[in-house]
Amino acid sequence: MTETRQKAWTLLRKHVTSEVLLKHSLAVEIAMRAYGEKFGGDVEYWGSVGLLHDVDFEKFPHDHPHHAREILSAEGYDDAFITNVESHSRVWEPERSQLQKTLLAVDEMTGFIIACALVRPDRSLDTLEVKSVMKKMKDKAFARAVNRDTLTAGAADMGVEFSEHVAFLIQALAVAVKHPDYQEVPLL
Ligand SMILES: [Fe+2]
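Figured I'd write up the structure that's included with this text. Because the structure is predicted, anything quoted here is derived from the model rather than measured.

**Describing the nonpolar core**
Most often, soluble globular proteins keep nonpolar side chains buried together rather than apart. Counting 59 residues, the largest nonpolar core has Leu52, Leu72, Met109, Phe112 and Ile113 as its most contacted members. The element best represented in this core is helix H2 (residues 19-38), accounting for 10 residues. Beyond its immediate stretch of four places on either side in the chain, Met109 contacts Val133, Leu151, Phe162, His165, Val166 and Leu169.

In structure tokens form, the structure reads like this:
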């Protein structure tokens, strides 16, 4: 594990005890790393934004992400980094950067994909197909709290066709969950 990732992970563990939220943070990190590479960004940086994007959620669920700044600045994260985290607030005036659009596009989509994997007989991402995620998108009873329009709009804003986005995330998650860095808190 790199020093950058170790720092972010240690900080996250200090502020998040919920296993569900840790898993969510890890899934978003994996997606951000993968898209960071695809879009020519700094993979470690994109990953840290993903890993820490909900760092204040457990302690301030009703005022999230408005407490990220105090937590992250105390640890030496700069203004640009903190702004990237804050930008996934639904209410955000400035035009989002590619990184910021990507964060929104993967925030809920990763969890939806993992939920699709978990209802498979083998509970695995390895055999999950794009078409089965598409089917679940239309099944209103499945993961009903997840707004489908938010998922598709996120991909569109990022500039990736929706089924490509799904395929990309399935692949990124399936590979990463086998990596040693993701064994401490298994995603599935
Ligand atoms: Fe999130």
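**Points about the coordination of the iron ion**
Ligation of the iron ion by protein atoms is provided by His24 (NE2), His53 (NE2), Asp54 (OD) and Asp107 (OD), these donors lying 2.1 to 2.3 Å from the ion. If you look at the iron ion, its four donor atoms make angles of 85 to 172 degrees with each other, and the shape they trace is irregular. The sequence motif formed by the donor residues of the iron ion is H-x28-H-D-x52-D. One end of the pair, His24, is in helix H2; the other, Asp107, is in helix H6 (residues 98-107), with 83 residues separating them in the sequence. Look at Asp107 and you get buried, because its relative accessible area is 9%.

**Some words on the pattern of salt bridges**
Pairs can form between side chains of opposite charge whenever their charged atoms are close. If you walk through the whole model with that rule in mind, you get 14 salt bridges. We note a salt bridge from Lys101 to Glu95, for which the minimum N-O separation is 3.2 Å. Residue Lys101 is classed as partly exposed on the basis of its relative accessible area of 21%. The structure contains a network of salt bridges with shared partners spanning Arg5, Glu29, Arg33, Glu44 and Asp181.

**Topic: the environment of Asp63**
Counting through the fold element by element, Asp63 comes out in the loop between helix H3 (43-52) and helix H4 (68-74). On the basis of relative accessible area, Asp63 is assigned to the partly exposed category, the value being 35%. Once the C-alpha coordinates of Asp63 and Lys131 are considered, the two residues, 68 residues apart in sequence, prove to be 37 Å apart. Among the polar contacts made by the side chain of Asp63, one reaches the side chain of His67 at a distance of 2.9 Å.

**Focus: the packing of aromatic side chains**
Ring pairs (aromatic) are described by centroid distance and by the angle formed between their planes. By the definition in use, this model includes six aromatic pairs. When the centroid spacing of 5.4 Å and the interplanar angle of 10 degrees are considered together, the rings of Tyr35 and Phe39 count as stacked. With a relative accessible area of 0%, Tyr35 lands in the buried category. Taking relative accessible area as the criterion, Phe39 reaches 30% and is therefore assigned partly exposed. The rings of Tyr35, Phe39, Trp46 and Phe168 are connected pair by pair, giving a single aromatic cluster. Note that Arg5 overlies the ring of Trp9, its terminal NZ or CZ placed 5.9 Å from the centroid. The aromatic ring of Phe168 is capped on one face by Lys38, whose charged end is 5.4 Å from the ring centroid.

**As for helix H10 (residues 162-176)**
In this model H10 runs 21 Å from its N-terminal to its C-terminal C-alpha over 15 residues, within 8% of the 21 Å that 1.5 Å per residue would give. Along H10, the residues that are buried comprise Phe162, His165, Val166, Leu169, Ile170, Ala172, Leu173, Ala174 and Ala176. Buried-residue contacts for H10 involve H2, H6, helix H7 (109-118), helix H8 (130-138) and helix H9 (148-158).

The rules we used
Residues numbered from 1 in each chain as written. Predicted model: local features only at pLDDT ≥ 70, side-chain atom pairs only at ≥ 80, totals over all residues. Heavy atoms only, no water. Core = buried A, V, L, I, M, F, W, Y, C linked by side-chain atoms within 4.5 Å. Buried < 20%, exposed > 50% of the residue type's maximum accessible area, 1.4 Å probe, protein only. Helix = DSSP H or I, 4+ residues; strand = E, 2+ residues; numbered from the N terminus. Contact = heavy atoms within 4.5 Å. Donors = N, O, S within 2.8 Å, 3.2 Å for Na, K, Ca; no water. Tetrahedral: all angles 85-135°; square planar, octahedral: opposite > 155°, others 65-115°. Salt bridge = Lys/Arg side-chain N within 4 Å of Asp/Glu carboxyl O. Polar contact = N/O pair within 3.5 Å; in protein donor to acceptor, adjacent residues only side chain to side chain. Phe/Tyr/Trp six-rings, centres within 6.5 Å; stacked < 30°, edge-to-face > 60°. Lys NZ or Arg CZ within 6 Å of the ring centre and 35° of its normal. Expected span 1.5 Å × (residues − 1).

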